[in-house]
Amino acid sequence: MKWIRNKPTAKKYIVQSVVGAAVFAFVLILDLVSKALTDGVHGLVVIPGFISFSSVRNPGGAWSIFGGNDVVMTIIMVFTFVFVAAALFFLYWPDGRKNMFFIVTLALLGSGALGNLVDRLAFGEVRDFLHFEFMNFPTFNVADVALVSGVIMLIVNIIIWFVRSETAARREKKAAEKRDESVSDEQSGNGDDGGEKK
């Protein structure tokens, strides 16, 4: 595949692919199984004063927005499908620049989005059950945790990439300045030699 730039080694690609698939599958299965086991459960305290299981159905988007708008929800479902496909594409695209942190980021984003998409396709709504006891916060699920974690990690990835790019650009600029200085010194030295010969 000569058209692929930054092609990774076979070992690196296999390891990243296996880890990505394992994280993706683990989060998706955990999400769907936890939703099934807690369906219909209400007020089951897991950690007193911290978190409990309270099953609710969310017909809308995040925090139940657009719950009564079928057109918007259809657009959200289509967007989610495209998002999952894009996450899987970049997850398995052979690029040597990808590190394990980025692989896990893509796996969390893809599996979280797919977990809620499965709910919308199967039930027309998302099953939530995780409830914070100590604060007024919308009930959520494992897929939501994966998505939020993935977004945070993606932001960290972008910051790291930006810092590294800036650092590399500064190094290249300094190296270019040194080369220019050395060329200038050589030219001035040659000029002095020519003057002496005359």
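The preceding data block contains the structure.
Residues numbered from 1 in each chain as written. Predicted model: local features only at pLDDT ≥ 70, side-chain atom pairs only at ≥ 80, totals over all residues. Heavy atoms only, no water.

Summing up its helical and strand segments, the protein has four helices and three strands in all. Across the protein, helices and strands are ordered from the amino to the carboxyl terminus as α-β-β-α-α-β-α. Within the protein, the fraction of its 198 residues that count as buried is 29%. When the accessible area of the protein is evaluated, it comes to approximately 13,000 Å², of which 67% is carbon and sulfur surface. (Helix = DSSP H or I, 4+ residues; strand = E, 2+ residues; numbered from the N terminus. Buried < 20%, exposed > 50% of the residue type's maximum accessible area, 1.4 Å probe, protein only. Areas by Shrake-Rupley, 256 points an atom, 1.4 Å probe, with all protein chains shown as cover.)

Pairing in this open sheet of three strands is antiparallel, and the strands run β1-β2-β3 from one edge to the other. Edge positions in the open sheet fall to β1 (44–47) and β3 (126–132), since each of these has one partner strand only. The mean inter-strand angle of the sheet, taken between neighbouring strand axes irrespective of direction, is 40°. Strand direction decides the pairing type here: β1 and strand β2 (residues 51–58), joined by three bridges, are antiparallel. Across the sheet, the residue bridging to L44 is F53, located in β2. Each of β2 and β3 touches helix α1 (residues 10–38); the most contacted strand, β3, lies at about 80° to it. Along the sheet face, helix α3 (residues 100–123) touches β2 and β3 and points at about 130° away from the line of β3. (Pairing = 2+ DSSP bridges. Axes fitted to C-alpha atoms, helices over the stretch in contact; angles between N-to-C directions. Contact = heavy atoms within 4.5 Å.)

The next thing to look at is a nonpolar patch on the surface. On the surface, a nonpolar cluster with roughly 510 Å² of combined accessible area is contributed by V46, I47, F50, F134, M135 and F137. With respect to the helices and strands, the residue F137 is situated in the loop between β3 and α4 (142–197). Its relative accessible area of 32% is what places F137 among the partly exposed residues. (Patch = residues over 30% accessible without salt bridge, like charges linked within 9 Å, V, L, I, M, F, W, Y side chains within 5 Å. Salt bridge = Lys/Arg side-chain N within 4 Å of Asp/Glu carboxyl O.)

Moving on: the nonpolar core. In terms of nonpolar packing, the biggest core is built from six residues, these being I51, F129, L130, F132, F140 and V142. Here this core gets three residues from one element, more than from any other, and that element is β3. When near neighbours in sequence (up to four residues on either side) are disregarded, F140 contacts D128, F129, L130, F132 and V145. (Core = buried A, V, L, I, M, F, W, Y, C linked by side-chain atoms within 4.5 Å.)

What follows covers the pairing of β2. In textbook terms, the turn of a hairpin is the stretch between consecutive antiparallel strands, and for β1 and β2 this stretch comprises three residues, one of which, G49, has a positive phi near 75°. Bridge analysis of β2 against β3 gives six bridges, and the strand direction is antiparallel. Note that in β3 the partner of F53 across the bridge is L130.

Turning our attention to a positive patch on the surface. A contiguous patch of positive charge on the surface is contributed by R170, R171, K174 and K178. If you trace the backbone, K178 turns up in helix α4. On the accessibility criterion, K178 (62% relative accessible area) is exposed. (Lys, Arg positive; Asp, Glu negative; His and termini not counted. Charge placed at Lys NZ, Arg CZ, Asp CG, Glu CD.)

For the structure on display, the rule yields six salt bridges. Put simply, D95 and R97 hold a salt bridge, and the shortest N to O gap is 2.8 Å. Note that D119 and R127 form a salt bridge whose closest N and O atoms lie 3.0 Å from each other. One salt-bridge network, held together by shared partners, links D31, K35, D119 and R127.

Right, let's talk about α1 for a bit. With 29 residues, α1 ought to run about 42 Å at 1.5 Å a step, and its terminal C-alpha atoms sit 42 Å apart, in line with that. All buried positions along α1 are accounted for by Q16, S17, G20, F24, V27, L28, D31, S34, K35 and T38. (Expected span 1.5 Å × (residues − 1).)

What follows is about the packing of α1 against α3. To characterise two packed helices, one gives the angle between the axes of the helices and the distance between these axes. At a minimum axis distance of 8 Å, the contact between α1 and α3 shows a crossing angle of 30°. By the angle class used here, α1 and α3 are roughly parallel. As α1 runs across α3, the sense of the crossing is right-handed. Facing α1, whose interface residues are V15, Q16, V19, G20, V23, F24, V27, L28, D31, L32 and K35, α3 presents M100, I103, V104, A107, L108, G110, S111, L114, G115, N116, V118 and D119. Partitioning the contact of α1 with α3 into residue classes produces 14 nonpolar, six polar and three charged. (Parallel < 35°, antiparallel > 145°, perpendicular 65-115°, else oblique. Left-handed = near helix turned anticlockwise from the far one by under 90°. Nonpolar A, V, L, I, M, F, W, Y, C, P; charged D, E, K, R; others polar.)

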